[in-house]
Amino acid sequence: MASRREFFRSLAGPLSSETEAAAPLAVRPPYGLNESLFQSECIACASKACVASCEEQIIVLDDDGVPTLDFSVNGCTFCEACADACDHDVLDLERSNGREWINAMFRIDTQACMAHNDVICFACKEPCMEDAIIFNGMFNPIIDEDRCNGCGFCLGRCPTDAITYRPLVYGEADADAAQ
């Protein structure tokens with residue numbers, strides 16, 4: 001007979017084979033419109049000029065040679081250099097209407113956040129260019145999802161790694177929102 005622990009672990013697993021087959025979402029450079037373009041065009045790109053053009057050095061290549069963002073040290077300034085360098089029009093300022101947005105949603109873990117534990121800390125708020133991190137007095141910061149553009153500067157500045165993110169679907173719905 002299976003134990004209760006084994007039973008609950010079985011429930012936590014994937015519900016269907018579709019879940020296993022789905023590629024994990026990744027955070028992509030700004031000014032893109034469609035994940036399928038990243039998968040088809042970036043793999044074929046020989047120059048990888050977007051990586052070299054990034055002054056903040058946050059554009060890195062995944063195992064397939066597709067650009068992703070690494071926020072561990074810096075964030076995106078939306079300088080447009082990656083879009084200007086893209087030879088395959090995956091990153092395109094005109095089609096994205098210059099929309100400054102990255103496909104990630106950030107959140108603050110209240111258990112790990114020093115400010116949520118009554119320690120004065122504004123490390124995440126100071127680099128936020130959009131003023132998306134709002135404090136209730138001197139404590140209890142939250143991220144205003146309507147203001148947050150996903151630049152990622154807050155992530156590398158947090159001394160307790162209390163800020164996390166999850167990639168959002170990068171597809172046709174984003175193109176509609178950009179217009």
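These numbers were taken from a predicted model, which means no experiment stands behind them.

Regarding the overall build of the protein
- For the protein, the count of helices and strands is seven helices and six strands.
- Per-residue burial over the protein gives 39% buried out of 179 residues.
- As presented, the protein carries roughly 10,600 Å² of accessible surface, and 51% of it is formed by carbon and sulfur atoms.

Considerations on the nonpolar core
- In this structure, L69, F71, L91, I102, F106, I133 and I163 are the most contacted members of the largest nonpolar core, which totals 37 residues.
- Residue contacts for I133: discarding those within four places in its chain leaves C124, K125, C128, P141, I142, I143 and C154.

A closer look at the pattern of salt bridges
- Taken as a whole and judged by the stated rule, the model has three salt bridges.
- The salt bridge involving E35 is made with R28; its shortest N-O contact spans 2.7 Å.
- For E35, a relative accessible area of 21% puts it in the partly exposed group.
- A relative accessible area of 2% places R28 in the buried class.
- Residues participating in the shared-partner salt-bridge network are R28, E35 and D62.

Topic: the pairing of strand β5 (residues 139-143)
- Looking at chain direction, strand β4 (residues 133-136) and β5 are connected through three bridges and run antiparallel. Bridging across to β5, I134 finds its partner in I142.
- What sits between the antiparallel neighbours β4 and β5 is a turn of two residues, in which G137 has the positive phi angle 75°.

Some words on the pairing of strand β3 (residues 104-108)
- Where burial is concerned, the two faces of β3 differ: the one with A104, F106 and I108 is buried and the one with M105 and R107 is not.
- Across five bridges, the pairing between β3 and strand β6 (residues 163-167) is antiparallel. What sits directly across from I108, in β6, is I163.

Regarding the packing of aromatic side chains
- Under the criterion given, the structure shown has five aromatic pairs.
- For the ring pair Y31 and F78, a centre distance of 6.5 Å and an interplane angle of 85° mean the geometry is edge-to-face. Of this pair, Y31 sits in the loop between α2 (17-21) and α3 (35-44) while F78 sits in the loop between β2 (67-69) and α5 (81-85), and the two are 47 residues apart along the sequence. For the pair Y31 and F78, one class covers both residues: buried.
- Pairwise contacts between aromatic rings join F71, F106 and Y165 into one cluster.
- The ring of F38 carries the charged tip of R28 above its face, separated from the ring centre by 5.5 Å.

What about the environment of V73?
- Looking at the element boundaries, V73 is found in the loop between β2 and α5.
- Relative accessible area serves as the criterion here: at 61%, V73 is assigned to the exposed category.

Digging into the confidence of the model for the protein
- Per-residue confidence for the protein gives a mean pLDDT of 85; residues scoring 70 or more make up 80%.
- The weakest mean pLDDT in the protein belongs to helix α7 (residues 172-178) at 42; the strongest belongs to strand β1 (residues 59-61) at 97.
- Taken together, the stretch residues 15-21 has pLDDT below 50 and engages in two contacts with residues farther than four places along the chain or on a different chain.

Concerning the environment of K125
- Along the chain, the position of K125 falls in the loop between β3 and β4.
- Since its relative accessible area comes to 29%, K125 is described here as partly exposed.
- With 33 residues separating them along the chain, K125 and C158 place their C-alpha atoms 9.5 Å apart.
- Apart from the residues within four sequence positions on either side, K125 is in contact with I133 and F135.

A few points about unusual backbone geometry
- For Q57, which is not glycine, the phi dihedral falls at a positive 55°.
- With respect to the helices and strands, Q57 occurs in the loop between α4 (49-53) and β1.

Procedures and definitions
- Residues numbered from 1 in each chain as written.
- Predicted model: local features only at pLDDT ≥ 70, side-chain atom pairs only at ≥ 80, totals over all residues.
- Heavy atoms only, no water.
- Helix = DSSP H or I, 4+ residues; strand = E, 2+ residues; numbered from the N terminus.
- Buried < 20%, exposed > 50% of the residue type's maximum accessible area, 1.4 Å probe, protein only.
- Areas by Shrake-Rupley, 256 points an atom, 1.4 Å probe, with all protein chains shown as cover.
- Core = buried A, V, L, I, M, F, W, Y, C linked by side-chain atoms within 4.5 Å.
- Contact = heavy atoms within 4.5 Å.
- Salt bridge = Lys/Arg side-chain N within 4 Å of Asp/Glu carboxyl O.
- Pairing = 2+ DSSP bridges.
- Phe/Tyr/Trp six-rings, centres within 6.5 Å; stacked < 30°, edge-to-face > 60°.
- Lys NZ or Arg CZ within 6 Å of the ring centre and 35° of its normal.
- pLDDT = per-residue confidence, 0-100.

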